[in-house]
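A closer look at the structure
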Amino acid sequence: MVEVRGLRFSADFCSGNLDCVRVGHDGVLELAAKRDNQGTPYESRHCAWLYFRVEDRRTKHRGEPVSLRVRSASRQAALYRAGYRPVERDGKCRKVDGSDWAALSGDAGWKRVAQSHFRWNECVAPPPAPKRAAPKSLDTPKALLEWDAQFPESGALEFAFCYPYSYESICSTVDALARAQLGEDVYFRRETLTTSLEGRAVELLTITADDGSYQGDSPLTWHEPASSNSPRSARGGLAFSIS
């Protein structure tokens, strides 16, 4: 958690990702997300996923819009040319039980950052390093993402690279499935296959027709981060399997 100019930034929640914040030379708030597996032997150069919360704690200029610039973005020009933009929502929409993922219905409050408020640019070469040392992810950008943020009455906003589908949401989905009455003709088994580097359970689900011919596992598994499409695909596969 860090506070800059009366704005409190945090990412200490499931799937959250924010490394540092500073004020740029033009007054814009500059942010950087952590690289995949940062701080571990598996750290990579990729840094696409970001997910953070901003609370407006200003006394003098409370409610005024602010400009945010992400300097840790990967080069994904094809996405932005096609109109891709990060998502945002009112911070009051957050639920602590992980049941607030509803990208298609919009019930979770997520929406794309307005096209008129969004700007992007790829960096051909890194800019000169400032005199004072700063995190490498801020001073050697590959691409810049920038948008204007308008705070709602709650004074809190959340931003993410795409619709988050967190580990908590996955667990909530599987818990609901385990409690559901699937019918006598459906075979359902849930077990822990292994654990992740963070100690989280990687579950294996087996769903098939219970017609007496079942010989072994035909598992449906997921253990991808919130930035991956795999959890969403798995959820769709679950819905199809029991339909």
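The structure we're discussing is the one just above.
Here goes a summary of the coordinates provided.

Definitions and limits used
Numbering of residues starts from 1 in every chain and runs along the sequence as written. Residues qualify for local features only when their pLDDT is at least 70, as the model is predicted, and side-chain atom pairs are given and counted only at 80 or more; totals for whole chains, interfaces and linings, by contrast, use all residues. Neither water nor hydrogens contribute to the side-chain values; these are computed over all heavy atoms in the structure. Each pair of strands is called paired provided DSSP finds at least two bridges between the two strands. Only DSSP runs of H or I covering at least 4 residues are called helices, and only runs of E covering at least 2 are called strands; the numbering of each starts at the N terminus. Angles run from 0 to 180 degrees between N-to-C directions of axes, and those axes are lines fitted to C-alpha atoms, restricted for helices to the stretch in contact.

Once that is clear, we can look at the pairing of strand β12 (residues 186-195). Here β12 runs beside strand β13 (residues 201-209); their pairing, made up of nine bridges, is antiparallel. By the bridge assignment for β13, T195 is matched with A201. Where β12 folds back onto β13 in an antiparallel hairpin, the turn is made up of five residues, including G199, whose phi is positive at roughly 85 degrees.

Judged by pairing direction, the sheet is mixed, and its five strands sit side by side in the order β3-β4-β6-β10-β9 without closing on themselves. Of all the strands in the sheet, the pair left with one neighbour each is β3 (20-23) and β9 (118-122). On average, each strand axis in the sheet is inclined to that of its neighbour by 20 degrees, with strand direction left out of account. Strand direction decides the pairing type here: β3 and strand β4 (residues 29-32), joined by four bridges, are antiparallel. If you follow C20 over to β4, its bridge partner there is A32.

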